Amino acid sequence: MLVVMEHGASTADVDRVVAVVEEMGYEARPMPGAQRTAVGIVGNDGRVDASRIAALPGVVQIIHVTQPYKQVSREWRSEDTIVTIAPGVSFGGENVPIIAGPCSVESEEQIVESARLVKQAGGTALRGGAFKPRSSPYSFQGLGKRGLELLALARTETGLPIVTEAMDDEGAHLIAEMGDCIQIGARNMQNYSLLKTVGKLGTPVLLKRGMAATITDLLLSAEYILSEGNPHVILCERGVRSFDPSTRNLLDLTAIPIVHRLSHLPIVADPSHGTGLRDKVTPMARAALAAGADGLLVEMHPNPDRALSDGAQSLHPEQFATLVEELRAVAVAIGRRVTPAADSQYNQAARTLSSGTAGRVVGTH
Ligand code: PEP
Ligand code: MN
């Protein structure tokens, strides 16, 4: 439930509402807005008797949130939420960041080279898994903590912020310390204890849709993170399982405008896992941006034929560079802008760091 205060409501009015809500045994979350303050009520599993609150001074309206998810809903917050993962890199506004890099971190040379290529092409953030959820226990499982260290090195070299997956609490804590955004993979979308952990950590989270999850399931999983106090959640459409083996998954682009209507959270698209096929990634990336995606997550490898995971869906560096150019044009057509890497303050730090080490930092765009 949401208690909307009058435009001119005083702090004392808001405090009184909070006190009454708490007296009733619920938790109150005051949310000052540009126009007026609202007080969210959480901890209720059903309809709250609002008559006592409605009569308090300064209260203008009581909104009963009808969706099963509360804090992620548009009813709860009408303005778009903007999630910033690093200075200058934000999801949900006019700017559209492009997160790119290999499926897995494989070696220092591979990840640093990937980061340079991403930046050179105009990408905004670096992806790469250190902890890999593989269908087979015999497949490459990732470099673990060493992989995170290599990502941090690639960030120092290029200034690109890091998005990387956590599969358990320990990994989440390590990424909170060393990375910029914790990815929760499709297989863990309903790992509720992990969702609570990242909710408590407060680090930005990229939450992928499970392969058999409905949009409501996805939003309820995001609710777990927000309800623990972390509002920095970016949703990700990465395709769902379908009956048709022509593609690895079925990239559900309709989910993008649906989520935008139901929730204030940003949503990005992952056409790499969404299709599983290199030559389908570019057209679906363009389509996702046109459909309103607030960012893209794309797999690119310096040498996809030698990738230790997901080589078949990873773009060649030159394909990625062409894609970024095309995405720039699509963004302009819909009144948006692909975030230039130069907007990142990490980037400025990287430039300062590398002055004197000629040739180490790639040019800006
Ligand atoms: C990945 O991003 O490499 C990954 C494992 O994605 P998903 O969880 O969507 O399968
Ligand atoms: Mn992958």
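Nothing here was measured: the structure is a model prediction, and the numbers come from that model.

Caption draft 1: Main features of the packing of helix H10 (residues 278-290) against helix H11 (residues 317-333). H11 packs onto H10 with a crossing angle of 20° between their chain directions and a minimal axis gap of 9 Å. Regarding the angle of H10 to H11, the classification is roughly parallel. Seen from above, H10 lies across H11 with right-handed handedness. For the pair H10 and H11, the contacting residues are Arg 278, Thr 282, Ala 285, Arg 286, Leu 289 and Ala 290 in the first and Gln 319, Leu 323, Glu 326, Leu 327, Val 330 and Ala 331 in the second. Partitioned by chemical class, the residues of the contact of H10 with H11 number seven nonpolar, two polar and three charged.

Caption draft 2: How the structure looks around unusual backbone geometry. With a phi close to 55°, Asp 310 is a non-glycine residue in the positive phi region. Structurally, Asp 310 is set in the loop between strand S15 (296-299) and H11.

Caption draft 3: Looking closely at empty space enclosed by the protein. Counting across every chain of the model gives one cavity of 30 Å³ or more. Of the voids in this model, the largest cavity is the one considered here, and its volume is about 30 Å³. Counting residues per element, the lining of the largest cavity draws most heavily on strand S10 (residues 162-165), at three residues. Partitioning the lining of the largest cavity into residue classes produces one nonpolar, four polar and three charged.

Caption draft 4: Broad picture of the site of ligand 1. Taken together, 13 residues are adjacent to ligand 1, and Arg 127, Gln 183, Ala 186, Lys 208 and Arg 238 come closest. Contact distances for ligand 1 include 3.0 Å between an oxygen atom and a side-chain N or O atom of Lys 132. Contacts to ligand 1 include Ala 186, whose backbone N or O atom sits 2.7 Å from an oxygen atom. Out of a free accessible area of 290 Å², ligand 1 has 97% covered by protein chains.

Caption draft 5: Quick peek at the coordination of the manganese ion (ligand 2). Distances from the manganese ion (ligand 2) to its protein donors, namely Cys 103 (SG), His 273 (NE2), Glu 299 (OE) and Asp 310 (OD), fall within the range 2.1 to 2.4 Å. Between consecutive donor residues of the manganese ion (ligand 2), the sequence gaps follow C-x169-H-x25-E-x10-D. Here Asp 310 lies in the loop between S15 and H11 and His 273 lies in helix H9 (residues 271-275), a separation of 37 residues in the sequence.

Reading the values: the criteria
- Residues numbered from 1 in each chain as written.
- Chains lettered and ligands numbered in written order.
- Predicted model: local features only at pLDDT ≥ 70, side-chain atom pairs only at ≥ 80, totals over all residues.
- Heavy atoms only, no water.
- Axes fitted to C-alpha atoms, helices over the stretch in contact; angles between N-to-C directions.
- Helix = DSSP H or I, 4+ residues; strand = E, 2+ residues; numbered from the N terminus.
- Parallel < 35°, antiparallel > 145°, perpendicular 65-115°, else oblique.
- Left-handed = near helix turned anticlockwise from the far one by under 90°.
- Contact = heavy atoms within 4.5 Å.
- Nonpolar A, V, L, I, M, F, W, Y, C, P; charged D, E, K, R; others polar.
- 1 Å grid on protein atoms, 1.4 Å probe; cavity = no way out; pocket = protein on both sides within 12 Å on 5 of 7 lines; lining within 4 Å.
- Points joined across faces, edges and corners; volume = space filled by probe spheres on them.
- Near = heavy atom within 4 Å.
- Polar contact = N/O pair within 3.5 Å; in protein donor to acceptor, adjacent residues only side chain to side chain.
- Areas by Shrake-Rupley, 256 points an atom, 1.4 Å probe, with all protein chains shown as cover.
- Donors = N, O, S within 2.8 Å, 3.2 Å for Na, K, Ca; no water.

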